[in-house]
Structures are given as structure tokens and as C-alpha cells.
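# Examination of the molecular architecture
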Amino acid sequence: MDEERIEQIKSLIRDVPDFPKPGILFKDISPILADPSGFNVCLDLLAEHYDGKPLDTIVGIESRGFIFGAALAARMRKSFVPVRKPGKLPAETFAIEYELEYGTDSVEIHVDALKPGDRVLVLDDLLATGGTAAATGQLVRKAGAELIGAAFVIELAFLSGSNRLDVPVFSLVKY
Ligand code: AMP
């Protein structure tokens, strides 16, 4: 049953108040990873959802998106491409800057990481305001690939981040 598996994942998310700054309730996924069944259940649910859908590449967002994204890509026999914070990728990159509550941030991808026509799923641990995932989607398109969806282990639905994404959003646990 999906509901039982989702409850299991929910029970493995730890709330850490006031991290990284006062007023933020941080959703810590470390207990999911520490639980051998919990991590596999996440991958099972994601793989089942995307099984049979047209998909070539999973783009994971630094850094917790790498953990779930790389494991899902290996499980589904898809390629994996990292999107990183500025200055981390060694070869030539495309960058997209996006607004934060205070100031701006940016994400980067290698210019040759995706090919035109590649069908891409963006994956991260958590969708909050959607700024990071929306910028990553723009990067995917800038690299010439086709964005087919965005997936998250956790969605903070009260922040309406999915409204900033113009592709189907799939998340395992919603708050
Ligand atoms: P956003 O761009 O606002 O959707 O923020 C998404 C990114 O910030 C993701 O990479 C998350 O890992 C991280 N993030 C934002 N809010 C939280 C939170 N409450 N708990 C854990 N991670 C968060």
C-alpha cells in the first residue's frame, strides 16, 4: 500500500527547529537514509511512479538531490547529471541566478551535460518556495533538453512552490 509506505517515510523525517536560522523548521532526511528500508521505499515509490514514462536523465540538485537522484538513476538505468552551487563544476557551465528571501543565489550545469531532446526529471529532497527547482528547470532548457517533471521526497505545499514549475510535480510526503 502506498499510504503505508508514505507513512513509513514520514515517520523517518526529523523536524529540527531554528535551523539554519531562527524561524525555519528544517526537515532532516538523515533518518530516511540511515534506515535501510526507508531509503529503498523512497526509491521504490519514485521508480514506480516514473516507470514507463519517457525519461532519459535525472538531474539532481546539490546536495541532497544527489543522494536520491543518483540512486534513482542507477536503479532505473537512467543517466544522472548534477546541478551544483556556483564554482563547483570544473568544466564550462551554464548558470541561472534566482532570488532568495534576501539576495540571490545561482545554480550551474555543465554545458555538455545534456543533449537536445534529452527528457529530464529534476529531483531534490525538498520543495519549499520552488526557486531552486524552477532555476534548475531553466538550466535544463538552456542546455537544450526537455523538462518532463520534477520530483521531491518532501513538499512544503503551504509555500506553493509547485506553482513556479510548469511541469508535473510528484512528491512523496506533503506538509
Ligand atoms: P526552495 O528553493 O525555497 O524551494 O528551497 C529548496 C532547497 O532548500 C532544497 O534544496 C532544500 O533542500 C532546501 N530547503 C528549503 N527549506 C527547507 C526546509 N524547511 N528543510 C530542509 N531543507 C530545506
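Starting afresh in each chain, residues are numbered from 1 along the sequence in its written order. A pLDDT threshold of at least 70 governs which residues receive local features in this predicted model, and a stricter bar of 80 or more applies before side-chain atom pairs are shown or counted, although totals over entire chains, interfaces and linings include all residues. Heavy atoms throughout the structure, all of them, feed into the side-chain values; hydrogens and water do not.

### Describing the side chain of S171
Comment: elements are numbered from the N terminus, with helices defined as DSSP H or I runs of at least four residues and strands as E runs of at least two. Along the polypeptide, S171 turns up in strand β9 (residues 169–174). Overall, S171 belongs to the buried group, its relative accessible area being 9%. The term polar contact refers here to a pair of N or O atoms within 3.5 Å; inside protein, the definition further demands a hydrogen-donor-capable atom paired with an acceptor-capable atom, and it admits residues adjacent in sequence only when both atoms are side-chain atoms. For S171, the side chain forms a polar contact with the side chain of E155, separated by 2.4 Å. Note on contacts: a residue pair is in contact if any heavy atoms of the two residues lie within 4.5 Å. When sequence neighbours within four positions are dropped, the list of residues in contact with S171 reads F152, V153 and E155. Relative accessibility decides the category of a residue: with a 1.4 Å probe and only protein chains considered, values under 20% of the type maximum give buried, values over 50% give exposed, and everything between is partly exposed.

### Quick notes on the site of the ligand
Near the ligand lie 13 residues; those nearest to it are R64, D124, D125, T129 and T132. Within the side chain of D124, a nitrogen or oxygen atom sits 2.7 Å from an oxygen atom of the ligand. Put simply, a residue is near a molecule or strand once any heavy atom of it comes within 4 Å of that molecule or strand.

### With respect to the nonpolar core
Core analysis: the biggest nonpolar cluster contains 29 residues, and I9, I32, L72, V153 and L172 have the highest contact counts within it. The leading source of residues in this core is helix α3 (residues 36–50), at eight residues. L172 has contacts with I6, I9, C42, L45, L46, F152 and V153, leaving out every residue within four places of it along the chain. To qualify as a nonpolar core, a set must consist of buried Ala, Val, Leu, Ile, Met, Phe, Trp, Tyr and Cys residues joined through side-chain atoms within 4.5 Å. In this structure, V81, V107, A145 and A150 belong to the second largest nonpolar core, which totals 24 residues.

### Some details on the packing of aromatic side chains
Only the six-membered ring of Trp is used, alongside the rings of Phe and Tyr, when aromatic pairs are assigned; centres must lie within 6.5 Å, and planes under 30 degrees apart are stacked while those over 60 apart are edge-to-face, with the rest tilted. Evaluation of the coordinates by the stated rule reveals four aromatic pairs. With a centroid separation of 6.2 Å and an interplanar angle of 85°, the aromatic rings of F66 and F80 are classed as edge-to-face. Taken together, the residues span a long stretch of sequence, with F66 in helix α4 (residues 64–76) and F80 in strand β4 (residues 79–83) at a distance of 14 residues. Over the face of the ring belonging to Y175 we find K27, whose NZ or CZ atom lies 3.8 Å from the ring centre. In this scheme, the term charge over a ring applies when either NZ of a lysine or CZ of an arginine sits within 6 Å of the ring centre and within 35 degrees of the ring normal.

### Some words on the sheet that holds β4
Any two strands between which DSSP finds at least two bridges are classified as paired. Taking strand neighbours across the sheet as the criterion, the five strands line up as β4-β3-β7-β8-β9 in an open arrangement whose pairing is parallel. Two strands in the sheet have a free side with no partner beyond their single neighbour: β4 and β9. Put simply, the sheet's adjacent strands are angled 20° from each other on average, direction ignored. As defined by bridge partners, strand β3 (residues 57–61) adjoins β4 across five bridges and the pair is classed as parallel. The residue bridging I58 from the neighbouring strand is F80, located in β4. Packed on one face of the sheet, helix α1 (residues 2–11) meets β8 (146–155) and β9 and runs near 65° to β9. To get an axis, fit a line to the C-alpha atoms, keeping to the stretch in contact for a helix; angles then go from 0 to 180 degrees between the N-to-C directions.

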